Amino acid sequence: MDTNALTTLDYKQYFREGILYAHYKEQMAMDFISNTDVQIQEYILLNQSRMRRLDKTYTPSKELQELLQNLNHKTYWLVLTEHWCGDASQTLPVLNKIAELSQGKIELRLVYRDQNLDLMDAHLTKNGRAIPKLIQLNEHFSITGIWGPRPNEAQDLVNKLKANPETATTYAGDLHLWHARNKQQAMEKEVSKLIFKANLFCPDCLS
């Protein structure tokens, strides 16, 4: 599906049906208990651990905090995700903390990819349903930016590892090691650019 196939009313509805980060973590815990797929359970357990760590340790930089203070327009972050997604576990705590520090200027809602394929297929990455995918919307629910599934530097690493037969099946370990060493710096820079775009947009100019 093309992005143009979705209207602002569609995005507004998707956002309204989205869940808060805290609710997502509750559903994630329930999924761990009820899921019959042992491998999925293992993924969820690892992701819960990563998310708890980032919830406790991540603090946005002073530069990003200043950018949030200067954000003039209401902004909505709609994120496609799934409990088993390792990249989401490295991303969602960061986005949630940024949204919290925005003092209501940014609202974050999460939707499940596999329950919202029309939305997902409007935002593919190289024809793939890669997640997490952040869709930034203004107060009229028009798109002002897209991000995901991972920072560009991390994506370059994944592409390199997948291209090598010796590392194609074990790239995840190297990817999460990169995340640990990078400490969300690359993601902060790219999300800061999104917020900057949100600040450039004039909602009233089109009303």
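All values derive from a computational prediction rather than experimental measurement. (Residues numbered from 1 in each chain as written. Predicted model: local features only at pLDDT ≥ 70, side-chain atom pairs only at ≥ 80, totals over all residues. Heavy atoms only, no water.)

Considering the overall build of the chain
The following threshold applies: For helices the rule is a DSSP run of H or I covering at least 4 residues; for strands it is a run of E covering at least 2, with both sets numbered from the N terminus onward. For the radius of gyration, the atoms used are the C-alpha atoms, and the globule rule reads 2.2 Å times the number of residues raised to 0.38. Working definition: with a 1.4 Å probe on protein chains only, accessible area under 20% of the residue-type maximum means buried, over 50% means exposed, and in between means partly exposed. Contacts were defined at the residue level, with two residues in contact if any of their heavy atoms lie within 4.5 Å. Residues scored as positive are Lys and Arg, those scored as negative are Asp and Glu, and His as well as the terminal groups of each chain are ignored. For the purpose of locating charges, the reference atoms are NZ of Lys, CZ of Arg, CG of Asp and CD of Glu.
The number of helices and strands found in the chain is nine helices and four strands. Traced from its N-terminal end to its C-terminal end, the chain shows the element sequence α-α-α-α-β-α-β-α-β-β-α-α-α. A compact globule built from 207 residues should have a C-alpha radius of gyration of about 17 Å, and the chain, at 17 Å, falls within 12% of that. Projected onto the principal axes, the alpha-carbon positions of the chain cover approximately 55 × 35 × 35 Å. Taken over 207 residues, the chain has a buried fraction of 47%. Taking all contacts inside the chain whose residues are at least 6 apart in sequence as the whole, residues at least 24 apart take part in 75%. Charge-centre separation for the chain: the mean point of 24 positive side chains lies 5 Å from the mean point of 25 negative side chains.

Let's talk about the side chain of arginine 150
Note the cut-off: Polar contacts here mean pairs of N or O atoms no more than 3.5 Å apart (in protein, one a potential hydrogen donor and the other a potential acceptor; neighbouring residues in sequence count only if both atoms are side-chain atoms).
Within the secondary structure, arginine 150 sits in the loop between strand E4 (143–147) and helix H7 (152–163). Exposure remark for arginine 150: the relative accessible area of 11% places this residue in the buried category. Among the polar contacts made by the side chain of arginine 150, one reaches the side chain of aspartate 87 at a distance of 2.5 Å. Within polar-contact distance, the side chain of arginine 150 engages the side chain of glutamine 155 at 2.9 Å. The residues touching arginine 150, leaving out its near neighbours within four places in the chain, are Asp87, Gln155, Val158, Leu175 and Glu190.

Focus: the packing of aromatic side chains
Aromatic ring pairs: the centre-centre distance and the angle between the two ring planes describe each pair. Definition in use: Between rings of Phe, Tyr and Trp, where Trp is taken as its six-membered ring, a pair exists when centres lie within 6.5 Å; planes separated by under 30 degrees are stacked, by over 60 edge-to-face, and by other angles tilted.
Following the criterion strictly, the structure yields four aromatic pairs and no others. Centroid distance phenylalanine 15 to tyrosine 76: 4.8 Å. Interplanar angle 65°. Geometry classified as edge-to-face. A residue pair is termed long-range when its members are at least 10 positions apart, and phenylalanine 15 in helix H1 (residues 8–17) and tyrosine 76 in strand E1 (residues 75–81) qualify at 61 residues. Using a relative accessible area of 5% as the deciding quantity, one classes phenylalanine 15 as buried. Accessibility expressed as a relative area gives 13% for tyrosine 76, which makes it buried. Considering the side-chain rings of tyrosine 76 and phenylalanine 141, the 4.6 Å spacing of their centres and the 10° angle between planes classify their relative orientation as stacked. Of the two residues, tyrosine 76 sits in strand E1 while phenylalanine 141 sits in the loop between strand E3 (133–137) and E4, which places them 65 residues apart along the sequence. Phenylalanine 141 gets classed as buried once you look at its relative accessible area, which sits at 9%. Counting every residue linked through ring pairs, the aromatic cluster contains Phe15, Tyr76 and Phe141.

Let's talk about empty space enclosed by the protein
Using the following cut-off: Here a cavity is any set of points on a 1 Å grid over the protein atoms alone where a 1.4 Å probe fits but cannot get out, and a pocket is any open set with protein on both sides within 12 Å along at least 5 of 7 lines; a residue lines the site when it has an atom within 4 Å of a point. Grid points are joined across faces, edges and corners, and a volume is the space filled by probe spheres set on the points.
Under the defined criterion, the tally for this structure stands at one cavity of 30 Å³ or more. Empty space within the largest cavity amounts to approximately 50 Å³. Together, Gln90, Pro151, Trp178, His179, Asn182, Gln184 and Met187 line the largest cavity. A total of three residues in the lining of the largest cavity trace back to one element, the largest contributor, which is helix H8 (residues 171–182).

Some remarks on H7
Three- or four-residue spacings in an α-helix give side chains the same orientation, since the helix completes a turn every 3.6 residues. Our working rule: The length a helix should cover is 1.5 Å for every residue beyond the first. Each C-beta atom gives one direction from the helix axis, and the arc is the one those directions make.
Look at H7: 16 Å from first C-alpha to last across 12 residues, which is about the 16 Å you get at 1.5 Å a residue. Of all the residues in H7, the buried ones are Ala154, Gln155, Val158 and Leu161. On an axial view of H7, the arc spanned by its buried residues comes to 130°, and they lie on one face. Across H7 from its buried face, at more than 90 degrees, point the exposed residues Asn152, Asp156, Lys160 and Ala163. Turning to H7, the residues buried within the fold contact H8.

Remarks on the layout of surface pockets
In plain terms, the rule: Under the grouping applied here, Gly and all other residues not named as nonpolar or charged are polar, the nonpolar ones being Ala, Val, Leu, Ile, Met, Phe, Trp, Tyr, Cys and Pro and the charged ones Asp, Glu, Lys and Arg.
Estimated volume of the largest pocket: approximately 590 Å³. Lining the largest pocket are 26 residues; nearest its centre among them are Gly86, Asp87, Arg150, Tyr171 and Leu175. When contributions to the lining of the largest pocket are tallied by element, the ones reaching two or more residues are helix H3 (38–57), helix H5 (86–101), H7 and H8. For the lining of the largest pocket, the leading source of residues is H8, giving five residues. For the lining of the largest pocket, a count of residues per class yields 11 nonpolar, eight polar and seven charged.

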